[in-house]
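Examining the three-dimensional arrangement
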Amino acid sequence: MGASHTVLKGGGILAGYSIHVRPTLSSRESINARELGPSFVGGLEDPGYLAKTAGFVDTRVMDVTPHFRETCIAWIEAMEFFEEELRAELDQSDYRDELRNKKDMLCGIDKGLLMRSLIVCKKEG
Amino acid sequence: MLFLDDVFLARIMLFSSRYMILWSSAINEKYREHLERQRRRYSRPRDVWSKVERHAFGRDVGLNGYTSPSEAKDLVEFVGVPGPVLDLGSGGGWPGKEILIKSEQRLVVAMDIVLDGLQESQRGMADTGDEERFRCVVGDGQSLPFAAESFGLVLHADALC
Ligand SMILES: C[S@@+](CC[C@H](N)C(=O)[O-])C[C@H]1O[C@@H](n2cnc3c(N)ncnc32)[C@H](O)[C@@H]1O
């Protein structure tokens, strides 16, 4: 986020979605959340905190977890609906891993460990 | 297409080249597993994924994450902010392409660590009449190769996580 702050003009906006660990989790829950969450990038920190640390102002963080849950379910249902075709096109482990990642994510949401936020913040100026 | 390993040069060239690749062995090392996974993903046949997306979300946008078309609408609302737009962690160009269509006259830069997705997004832009305003940069979003104060809007769709 620091890098985004630098390249924005004064008055410019950063807007984005982020999947992150629910703040206030115990360290044990936090480890569990990271296991269930997305694997592509390590950091799952609270986006409001990240924005503030990077120097952004007028930060709004909106919890969009209920919609995120629906998106996970839609992915899972569609993957199961097309299972035969997907299995024919993908490596066997690929289909299983993709589906497992999405189910893990759903499990993390339902356990109250993972959430998704829309974050909007501004560079002063 | 330009291959650059010099950030200063990159800053000068960005606005004149449609493609830019900023690469180093350190990036390869740092993101090895991620790169392998994503390259595999983009080499898959699109047909069946296209059906999956249509079934799930009613549209095939080349989604590589959880930013559904209805969520992307909330990001598109910011297109009024003046200045070029940076779509960071753009994957296959989502939601950058949507922003491009809605933001007349504005330059949209899609950046990702994975070349394959950006190539897919360029193919999707071909012949839309908007491709001249669409630039792709391959590199690490943690050290952005742009001059300070270049953009009016920076978008992330799941790239922060
Ligand atoms: C979950 S995908 C989302 C892709 C796309 N925005 C979408 O919604 O379909 C996250 C993207 O961020 C990219 N990414 C992750 N870390 C990055 C980094 N340090 N620099 C550039 N891109 C990065 C990944 O390669 C991946 O394409």
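Before reading on, note that the structure itself is shown above.
So, a few notes on the structure that sits alongside this text. This is a predicted model, so every value here is computed, not measured.

The rules behind these values
Residues numbered from 1 in each chain as written. Chains lettered and ligands numbered in written order. Predicted model: local features only at pLDDT ≥ 70, side-chain atom pairs only at ≥ 80, totals over all residues. Heavy atoms only, no water. Helix = DSSP H or I, 4+ residues; strand = E, 2+ residues; numbered from the N terminus. Buried < 20%, exposed > 50% of the residue type's maximum accessible area, 1.4 Å probe, protein only. Contact = heavy atoms within 4.5 Å. Areas by Shrake-Rupley, 256 points an atom, 1.4 Å probe, with all protein chains shown as cover. Buried area = accessible area lost by both parts, 1.4 Å probe. Salt bridge = Lys/Arg side-chain N within 4 Å of Asp/Glu carboxyl O. Polar contact = N/O pair within 3.5 Å; in protein donor to acceptor, adjacent residues only side chain to side chain. Expected span 1.5 Å × (residues − 1). Pairing = 2+ DSSP bridges. Near = heavy atom within 4 Å. Nonpolar A, V, L, I, M, F, W, Y, C, P; charged D, E, K, R; others polar.

Comments concerning the overall build of chain B
Check the secondary structure of chain B and you find seven helices and six strands. Of all 161 residues assigned to chain B, the portion counted as buried reaches 58%. Contacts in chain B between residues at least 24 apart in sequence constitute 64% of all its contacts with a sequence separation of at least 6. With an accessible surface of roughly 7100 Å², chain B has 50% of that area assigned to carbon and sulfur atoms.

A few points about the overall build of chain A
Helices and strands together make up the secondary structure of chain A, namely six helices and three strands. Along its sequence from the N terminus, chain A presents helices and strands in the succession α-β-α-α-β-α-α-α-β. Its C-alpha atoms give chain A principal-axis dimensions of about 55 × 35 × 25 Å. Excluding contacts between residues fewer than 6 apart, the proportion of contacts in chain A whose partners are at least 24 apart in sequence is 81%. Of the roughly 6000 Å² that chain A leaves accessible, carbon and sulfur atoms contribute 50%.

Some remarks on the interface of chain A and chain B
Taken together, the contacts link 47 residues of chain A with 48 residues of chain B. Each partner contributes to the roughly 4100 Å² buried at the junction of chain A and chain B, and carbon and sulfur atoms together form 63% of this total. Joining chain A to chain B, the criterion identifies eight salt bridges. Notably, a salt bridge pairs aspartate 94 of chain A with arginine 40 of chain B, separated by 3.8 Å at the nearest N-O pair. Our enumeration of links across chain A and chain B arrives at 24 residue pairs in polar contact (both at pLDDT 80 or more). Those elements that place two or more of their residues in the side of chain A that touches chain B are helix H1 (2-7), strand E1 (8-21), helix H4 (65-81), helix H5 (83-89), helix H6 (92-110) and strand E3 (114-122) of chain A. In terms of residues, the side of chain A that touches chain B owes the most to one element, E1 of chain A, which gives 11 residues.

Describing H4 of chain A
Because an α-helix packs 3.6 residues into every turn, residues spaced three or four apart end up facing the same way. Between its first and last C-alpha, H4 of chain A extends 24 Å over 17 residues, near the 24 Å set by a 1.5 Å rise per residue. Among all positions in H4 of chain A, only Thr65, Phe68, Thr71, Cys72, Ala74, Trp75, Ile76, Ala78 and Met79 of chain A are buried. In this structure, the buried side of H4 of chain A is in contact with E1, strand E2 (57-63), H5, H6 and E3 of chain A together with helix H4 (46-57) of chain B.

A few points about the environment of histidine 156 of chain B
Within the secondary structure, histidine 156 of chain B is located in strand E6 (residues 151-157). Separated by 70 residues in sequence, histidine 156 of chain B and leucine 86 of chain B have C-alpha atoms that sit 8.6 Å apart. Beyond its immediate stretch of four places on either side in the chain, histidine 156 of chain B contacts Ser4, Leu14, Ala15, Gly16 and Tyr17 of chain A together with Leu75 and Leu88 of chain B. Within the local environment of histidine 156 of chain B, its side chain forms a polar contact with the side chain of serine 4 of chain A, the two groups lying 3.4 Å apart.

Quick word on the pairing of E6 of chain B
Most of E6 of chain B is tucked away: seven of the seven residues are buried. As paired strands, E1 of chain A and E6 of chain B are joined by six bridges and run parallel to one another. Each residue of the ladder has a partner; that of isoleucine 13 of chain A, found in E6 of chain B, is leucine 153 of chain B. In this structure, strand E3 (residues 85-88) of chain B lies alongside E6 of chain B, joined through four bridges in parallel fashion. Looking across to E6 of chain B, one finds that leucine 86 of chain B is bridged to valine 154 of chain B.

Remarks on the site of the ligand
Close to the ligand lie 20 residues; His34, Asn64, Trp94, Asp112 and Gly141 of chain B are nearest. Near the ligand, residues from chains A and B are present, making the site a shared one. Between the ligand and asparagine 64 of chain B, the relevant distance is 2.7 Å, taken from an oxygen atom to a main-chain nitrogen or oxygen of the residue. Tryptophan 94 of chain B has a polar backbone atom sitting 2.8 Å from a nitrogen atom of the ligand. The fraction of the free accessible surface of the ligand (590 Å²) that becomes covered by protein chains is 97%. The class makeup of the residues in the shell around the ligand is nine nonpolar, eight polar and three charged.

A few points about the environment of glutamine 142 of chain B
Tracing the backbone shows glutamine 142 of chain B in the loop between strand E5 (134-138) and E6. For the pair glutamine 142 of chain B and valine 85 of chain B, spaced 57 residues apart in the sequence, the C-alpha separation amounts to 17 Å. Not counting residues up to four positions away in its chain, the partners in contact with glutamine 142 of chain B are Ala3 of chain A together with Lys30 and Tyr31 of chain B. Separated by 2.9 Å, the side chains of glutamine 142 of chain B and lysine 30 of chain B make a polar contact.

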